[in-house]
Amino acid sequence: MKKSLKVFLIVLSVFIVIILSVLLVVSHNYKDPVEKVPVEDATGNRNPYIMPFEETMVSAHRSGGGIAPENTLMAFQNCVENGKFSIDIFEFDLHLTKDDQLVLLHDKTLDRTSNAVEVFGHEDVYPHDYTYEELMQLNMGEGFETDDGETPYKGLKGEEIPENLHIMRLQDIFDYLKPYGDHNFIIEIKDSDDIGRKATDKLYETLKENDLLQRVVVGTFHGEISQYMDDTYPDMLRSAGIKEVVDFYFSSLCGIHHAPDYYKFKALQIPANQFVIHLGTSRLCNYAHKYNIAVQYWTINDPEDVAFLASVGADAVMSDNPDMVFETLRGDETE
């Protein structure tokens, strides 16, 4: 009896794997007609990040880290003062310092992007171990490399470091951008647990003070921080966590119907086809829009991928090279 049950379970497992594989292949290769419908959530609100078809937003990933040192004032300046392209959304990441300042940084540590190892004398330099003033010593252009392999800011120290290559606080970025019109933001909270919750508190307070709550989608890879946002700041727009993305994907694949308020997030910030599960499909975009959820893809650095994602209904494309995305989507506007 036990042997028969074991054989049955093995056969059932193989059958499920085959079915899922077929569904994945079909989903990847099938393209539904794109549907952009003006939907509202359970409270009657329209998601400001869902864009009309063929009006995909241009987002600067790490504030345009492929063409200037990432998450620095120089990167922001390059995006808004260049005169050749424009962006709709700035994407960047936040950490909390030892003295409770929100600073821009993508990685867990400052090792890769700055000269922190040299300045502090050890590896694994975490922002929460230092005050903002201490971190102001750093050259945030140290690790930047051009497409040609050049490192134009490497080795700068002390007074040699230009003002726009010091570490940036969140409020400083908002202050800089104010004269340049309205921008939207995708902001990721990198810290977890208690530090992450405190960072969330500071972020909410800053967004409220700057009247930016509806212009920011907040993301995190930490489930406890997503839950904290839902419990404490229900008016904060957030993106889906990893488990939520997987659940959403299979719901869209199988056409499962949920209550209008089933999903607590307002955006999917996802890769397109980097993994086994292919998320860059019109089926997924259509399903998301029916639930008033925007679809924002990262990190798309190939023009063909940009054009394809726009064609399947992407609301935003995040790229290290926002100039390329602008040229791909709106190049004819500048001619």
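Residues numbered from 1 in each chain as written. Predicted model: local features only at pLDDT ≥ 70, side-chain atom pairs only at ≥ 80, totals over all residues. Heavy atoms only, no water.

Hey, could you go over the packing of aromatic side chains for me, with residue numbers and the actual values?
A complete count under the given rule lists 18 aromatic pairs for this structure. Relative to phenylalanine 185, the ring of phenylalanine 90 has its centre 6.4 Å away and its plane inclined at 25°; by these criteria the two rings are stacked. Remark: phenylalanine 185 occurs in strand β4 (residues 184-189) and phenylalanine 90 occurs in strand β2 (residues 89-96); sequence separation between them is 95 residues. Given the relative accessible area of 0%, phenylalanine 90 is considered buried. Plain terms: the ring middles of tyrosine 262 and tyrosine 263 are 4.8 Å apart, the flat faces sit at 85° to each other, and that makes the pair edge-to-face. Of the residues examined, tyrosine 263 reaches a relative accessible area of 9% and is grouped as buried. (Phe/Tyr/Trp six-rings, centres within 6.5 Å; stacked < 30°, edge-to-face > 60°. Helix = DSSP H or I, 4+ residues; strand = E, 2+ residues; numbered from the N terminus. Buried < 20%, exposed > 50% of the residue type's maximum accessible area, 1.4 Å probe, protein only.)

Requested: an account of the pairing of β4, with residues and values cited.
Burial runs high along β4: six of the six residues are buried. Burial of the side chains of β4 extends over both faces: Asn184, Ile186 and Glu188 are buried on one face and Phe185, Ile187 and Ile189 on the other. Of the strand pairs in this sheet, β2 and β4 are connected by six bridges, and their pairing is parallel. Paired with phenylalanine 90 across the two strands is phenylalanine 185, which belongs to β4. Here four bridges tie β4 to strand β5 (residues 216-219), and the two strands are oriented parallel to one another. Note that in β5 the partner of isoleucine 186 across the bridge is valine 217. (Pairing = 2+ DSSP bridges.)

Tell me about the pattern of salt bridges, residues and numbers included.
Under the criterion given, the structure shown has 14 salt bridges. Here aspartate 230 ties to arginine 238 by a salt bridge, and the two come within 2.8 Å at their closest N and O atoms. On the basis of relative accessibility, which here comes to 25%, the residue aspartate 230 falls in the partly exposed class. Since its relative accessible area comes to 2%, arginine 238 is described here as buried. Note that glutamate 244 is salt-bridged to arginine 238, the shortest N-O span being 2.8 Å. Look at the salt bridges and you will find they share partners, linking Arg62, Glu70, Asp107 and Arg112 into a network. (Salt bridge = Lys/Arg side-chain N within 4 Å of Asp/Glu carboxyl O.)

Lay out unusual backbone geometry with the relevant residues and their values.
The backbone phi angle of asparagine 71 is positive, close to 55°, even though this residue is not glycine. If you trace the backbone, asparagine 71 turns up in the loop between β1 (57-60) and α2 (73-80). Relative accessible area serves as the criterion here: at 4%, asparagine 71 is assigned to the buried category. Phi angles above zero are rare outside glycine, and aspartate 100 is one such case at about 65°. Assignment of secondary structure puts aspartate 100 in the loop between β2 and β3 (102-104). By relative accessible area, aspartate 100 is classed as partly exposed at 28%.

Quick one: what's the story with the nonpolar core, residue by residue and with numbers?
Of all hydrophobic cores here, the largest spans 63 residues; its most connected members are Leu268 and Tyr297. Broken down by element, this core gets its largest block of residues, five residues, from helix α5 (residues 170-177). Filtering out sequence-adjacent residues up to four positions away, leucine 268 remains in contact with Ala240, Val245, Phe248, Leu284, Ala288, Ile293, Ala294, Val295 and Gln296. (Core = buried A, V, L, I, M, F, W, Y, C linked by side-chain atoms within 4.5 Å. Contact = heavy atoms within 4.5 Å.)

I'd like a rundown of a nonpolar patch on the surface, residues and numbers included.
Residues Phe221, Ile242 and Val246 make up a contiguous nonpolar surface patch of about 280 Å² in total accessible area. By secondary structure assignment, the location of valine 246 is in helix α8 (residues 242-254). For valine 246, a relative accessible area of 37% corresponds to the partly exposed category. (Patch = residues over 30% accessible without salt bridge, like charges linked within 9 Å, V, L, I, M, F, W, Y side chains within 5 Å. Areas by Shrake-Rupley, 256 points an atom, 1.4 Å probe, with all protein chains shown as cover.)

How would you sum up α8? Please name residues and give values.
Between its first and last C-alpha, α8 extends 19 Å over 13 residues, near the 18 Å set by a 1.5 Å rise per residue. Along α8, the residues that are buried comprise Val245, Phe248, Tyr249, Ser251, Ser252 and Leu253. Glycine 255, located one to two residues past α8, shows a positive phi value of around 65°. (Expected span 1.5 Å × (residues − 1).)

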